[in-house]
Amino acid sequence: MKIEGFELAERMKFYKVPGISITFIDQGQISEGVNEGSIEKGCEKNVKEDTLFNACSISKFLTGMLVMKITELGKINLDEDINKKLVSWHLPENKFTKLKAVTLRNLLCHQSGIKDTVNSFTELNSNYSAPSMIKLLEGESHYNAYPINVTYEPGSEFHYSDAGYCIIQQIIEDVLKEPFPQVMDKFIFRPLNMENSKYVSSSSSICKENFSCGHSKHGDVVEGKYTIYPYSAASGLWSTSKDIAKLVQELMNALKGESITGISSMVAKELITPQGGKEWSGLSVFLDKVGNELEITSLGWGVGYQSMMVAFPYLNKGAVIMTNADLGVHQLDGIIGEIYQAWINS
């Protein structure tokens, strides 16, 4: 479905957004997609259905779904002390962890007691290689200068944390004894036919034919063209709006007991249940109410890119919007917000 009365090309020009990709879900089915503009300012290569955008923190939604799948297999438990599963690295014990152990549930909903340090988890620097998770968690990399520690009682406060998702990545790798991207490919990408999704940790993995370049709020190409975040579980995903819509569709199907990946309705409901007494915090997604209907969202925002996943899981309705521009304002205050408002009111 296209949004009736919404002049997308005109709004893209107004906001200096070179390229955009939108996929809608209607009645539980992936419907018509919208792909407009170019992969790079001044370039003749148009955005297509298979054009990859930097999904940034929408990566966390995929990680959440993968955790649900591995939970279903009985390999991990949402409420177990994470140090019981970690092998390659352990979260240091202190007065806070003695009061309450950190769990996967805490990590997924950003209530683990861990705060990211200032200027950590930045984009890949060409002068430094991608860090190993161990070096990163130990504070021995350019991307995180201090060891990861619990600094407040787990479950007591919300602090958005990339470090928490790096720990989740390490847990998955330690438990399944495979690199995180391979685990995601096996349990999520292949079963759902997400063939245009991949994790990128170096510039050599970029295919210039179908990767969109990042742009500033002024419409200029960012330095290096492609911003890379070498933290797969937290922000390393490159994908298409259609592929991410397939994951949203899978969540909707799981809630109805019709999962392709084998996630049960009970486990799927955990993902969209308020956590820690915070009505807006789910497991890897954020929750809201529009009227009486539950709305879930996941936002991606990095250097040169902004995106949004939004869904009403019990109405079987959703949208994924991806752009190759960072407007410098919250998604809802720019073109993504305009599209969202036009869609929700259509």
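What comes next concerns the included structure. Just so you know, these numbers come straight off a predicted model, no measurement behind them.

Rules of the game
- Residues numbered from 1 in each chain as written.
- Predicted model: local features only at pLDDT ≥ 70, side-chain atom pairs only at ≥ 80, totals over all residues.
- Heavy atoms only, no water.
- Pairing = 2+ DSSP bridges.
- Helix = DSSP H or I, 4+ residues; strand = E, 2+ residues; numbered from the N terminus.
- Core = buried A, V, L, I, M, F, W, Y, C linked by side-chain atoms within 4.5 Å.
- Buried < 20%, exposed > 50% of the residue type's maximum accessible area, 1.4 Å probe, protein only.
- Contact = heavy atoms within 4.5 Å.
- Axes fitted to C-alpha atoms, helices over the stretch in contact; angles between N-to-C directions.
- Parallel < 35°, antiparallel > 145°, perpendicular 65-115°, else oblique.
- Nonpolar A, V, L, I, M, F, W, Y, C, P; charged D, E, K, R; others polar.
- Salt bridge = Lys/Arg side-chain N within 4 Å of Asp/Glu carboxyl O.
- Disulfide = S-S within 2.5 Å.

**Topic: the pairing of strand 2 (residues 29-37)**
Here strand 1 (residues 19-26) pairs with strand 2 via seven bridges, running antiparallel. In the strand pairing of strand 2, Ile22 is matched with Val34. Counting the residues in the hairpin turn of strand 1 and strand 2 gives two residues, including Gln27, whose phi is positive at 55°.

**Thoughts on the nonpolar core**
Of all hydrophobic cores here, the largest spans 86 residues; its most connected members are Phe61, Leu62, Ile167 and Met309. For Ile167, the contacting residues outside a window of four places in its chain are Ile82, Leu86, Trp89, Leu91, Leu107, Ile114, Leu137 and Ile148.

**Quick notes on the packing of helix 6 (residues 162-176) against helix 7 (residues 180-189)**
One way to put it is that helix 6 packs onto helix 7 with a least axis distance of 9 Å and a crossing angle of 75°. One element, helix 6, and the other, helix 7, form an angle in the roughly perpendicular class. The segment helix 6 lies against helix 7, with Gln169, Ile172, Glu173 and Leu176 engaging Phe180, Val183 and Phe187. Across the contact of helix 6 with helix 7, the residue classes tally to five nonpolar, one polar and one charged.

**Some remarks on the pattern of salt bridges**
For the structure shown, the criterion picks out 13 salt bridges. For Glu49, the salt bridge identified is with Lys242, shortest N-O distance 3.4 Å. In this pair, Glu49 is assigned in the loop between strand 2 and strand 3 (53-56) and Lys242 in helix 9 (residues 241-255), connecting sequence segments 193 residues apart. Overall, Lys242 belongs to the partly exposed group, its relative accessible area being 28%. Through salt bridges with shared partners, a single ionic network connects Glu10, Arg11 and Glu338.

**A short note on the state of the cysteines**
In this structure the tally under the stated criterion is zero disulfides. Unpaired in terms of disulfides, Cys56 finds its nearest cysteine sulfur in Cys213, a separation of 14 Å. Here Cys166 is not cross-linked by a disulfide; its sulfur's nearest cysteine counterpart is in Cys56, at 14 Å.

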